[in-house]
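Observations on chain architecture
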Amino acid sequence: MKDIAKALTVDVRNGLPDELLELLRKYPRGQWANDPRLHGLAEGWLQRHNLFRELSVLTGGMTADLREGRMSPTTFLPLFQRRMGLLLGELDRHHHVEDDYYFPTFAAASPKLQKGFDILDNDHGVIHGAIHSLGAASRELIATLSGEVSGRDGDALRVAERLTGEIEGFDRTLLRHLDDEEDLIIPLILERARDDPNFR
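Predicted model only: the values in this text are computed from it and were never measured.

**A few points about the overall build of the protein chain**
- Helix and strand counts for the protein chain stand at 5 helices and 0 strands.
- The N-to-C order of helical and strand elements in the protein chain reads α-α-α-α-α.
- Along the first, second and third principal axes, the C-alpha atoms of the protein chain reach 65 × 35 × 25 Å.
- Long-range contacts, defined here as pairs at least 24 residues apart, represent 79% of the contacts in the protein chain between residues at least 6 apart.
- In the protein chain, 25 positive and 34 negative side-chain charges are present, and the distance between their average locations comes to 2 Å.

**What about the pattern of salt bridges?**
- For the structure shown, the criterion picks out 19 salt bridges.
- A salt bridge links Glu182 to Arg53; its shortest N-O distance comes to 3.0 Å. One end of the pair, Glu182, is in helix α5 (residues 156-195); the other, Arg53, is in helix α2 (residues 41-67), and 129 residues separate them in sequence.
- Sharing partners across several salt bridges, the network here consists of Arg29, Arg53, Asp179, Glu182 and Asp183.

**What about helix α3 (residues 73-109)?**
- In this model α3 runs 50 Å from its N-terminal to its C-terminal C-alpha over 37 residues, within 8% of the 54 Å that 1.5 Å per residue would give.
- At Glu98, α3 shows its largest bend, some 45°.

**Focus on the environment of Ser56**
- Among the secondary structure elements, Ser56 is positioned in helix α2.
- For the pair Ser56 and Asp3, spaced 53 residues apart in the sequence, the C-alpha separation amounts to 27 Å.
- Residues in contact with Ser56, not counting those within four places in the same chain, are Leu87, Ile167, Phe170, Asp171 and Leu174.

**Comments concerning the side chain of His49**
- Relative to the helices and strands, His49 resides in helix α2.
- At a separation of 2.9 Å, a polar atom in the side chain of His49 contacts the side chain of Glu181.
- Those residues in contact with His49 that sit more than four places away from it in its chain are His94, Glu98, Leu178, Glu181 and Glu182.

**Brief notes about the packing of α2 against α3**
- In contact at an axis separation of 9 Å, α2 and α3 are set at 150° when each is read in the N-to-C sense. The pairing of α2 with α3 is recorded here as roughly antiparallel in orientation. The hand of the α2/α3 crossing is left-handed.
- Class assignment of the residues belonging to the contact of α2 with α3 gives a composition of 18 nonpolar, 5 polar and 4 charged.

Thresholds applied
- Counting starts from 1 at the beginning of each chain's written sequence and moves along it residue by residue.
- Reporting of local features is limited, given that this is a predicted model, to residues whose pLDDT is at least 70; pairs of side-chain atoms are given and counted only at 80 or more, and all residues count toward the totals for whole chains, interfaces and linings.
- Side-chain calculation: all heavy atoms of the structure are included, whereas hydrogens and water are not.
- Under the DSSP-based scheme used, a helix requires at least four consecutive residues in state H or I and a strand at least two consecutive residues in state E, with every element numbered from the N terminus.
- Contact criterion: two residues are considered in contact whenever any of their non-hydrogen atoms come within 4.5 Å of each other.
- In summary, the charge assignment counts Lys and Arg as positive and Asp and Glu as negative, without counting His or the chain termini.
- In this description, the location of a charge corresponds to atom NZ of lysine, CZ of arginine, CG of aspartate or CD of glutamate.
- What makes a salt bridge here is a side-chain nitrogen of Lys or Arg within 4 Å of a carboxyl oxygen of Asp or Glu, nothing more.
- To estimate the expected span of a helix, count its residues, drop one, and scale the result by 1.5 Å.
- Bend is the name given here to the angle between axes fitted to two runs of seven residues, the run ending at a residue and the run starting at it.
- Side-chain atoms alone can form a polar contact between residues adjacent in sequence; in general such a contact is a pair of N or O atoms within 3.5 Å, and within protein one must be able to donate a hydrogen while the other accepts it.
- The axes are straight lines fitted to the C-alpha atoms, using for helices just the contacting stretch, and the angles between their N-to-C directions are given from 0 to 180°.
- For classification purposes, an angle smaller than 35 degrees is called roughly parallel, one larger than 145 roughly antiparallel, one from 65 to 115 roughly perpendicular, and anything else oblique.
- For any pair of crossing helices, the crossing counts as left-handed if the nearer helix is rotated counterclockwise from the farther one by less than a right angle, and right-handed if it is rotated clockwise.
- Side-chain classes are defined by residue name, with Ala, Val, Leu, Ile, Met, Phe, Trp, Tyr, Cys and Pro counting as nonpolar, Asp, Glu, Lys and Arg as charged, and the others, Gly among them, as polar.

In C-alpha cells:
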C-alpha cells in the first residue's frame, strides 16, 4: 500500500487530481462506447467493473429487503452467499492482477501517471480491509440466519442492519475507486492503442 496524502485517499477525495486527467479530457467517458479501440482490454476492464457495481447493489438491496421483511431468510441465504462470495472473491483476484501486472506495466508506459497508480494502489489496501470486514459480517449474518432457519434463536435483524451499513460504506468506497481507476486507465489504453494496435 503506497503512502499518499490524506486528501487523496479513497474515502476522502471526490475524484483524481486534475493533473492526472489530461488523457480523460482527450478521451472523455461519454465517447468511450463509440471508440473502436475500446474492444479488448478496455472493454473487458469496464465489464468487470460493471459486474462489481451490479453485485454490490444487489447484495445491498437484498440485505435491506431481508431487514425490512420483503425477503424471507430461506430465499435470501443461497442468493446472498453466491452473490457476496462472487463479489468479494472476484474483486480480490482482479486487484491482485492489477497490482502485480497491469499497474506496473501502465506506470512504465506512462511515468507521468505514477501518482495515479500510487493512489489506486492505496485504494486497494483500503478495499482489502473492507473486504475482510464485509466477509466477516456476511459470515455472521449467514450463521445467524442458518440458526434461525433450523429453529435456533438468533438476532438476524440486528446483524442484517449492521451488514447493510457496512455494504453501504463499502459501496461508496468501491464506486469511487472504480470510477477513478477507469478515468485513469481507459483513456491510457485508448491513447496507447492509437499508436500501437497490439496494446489492447
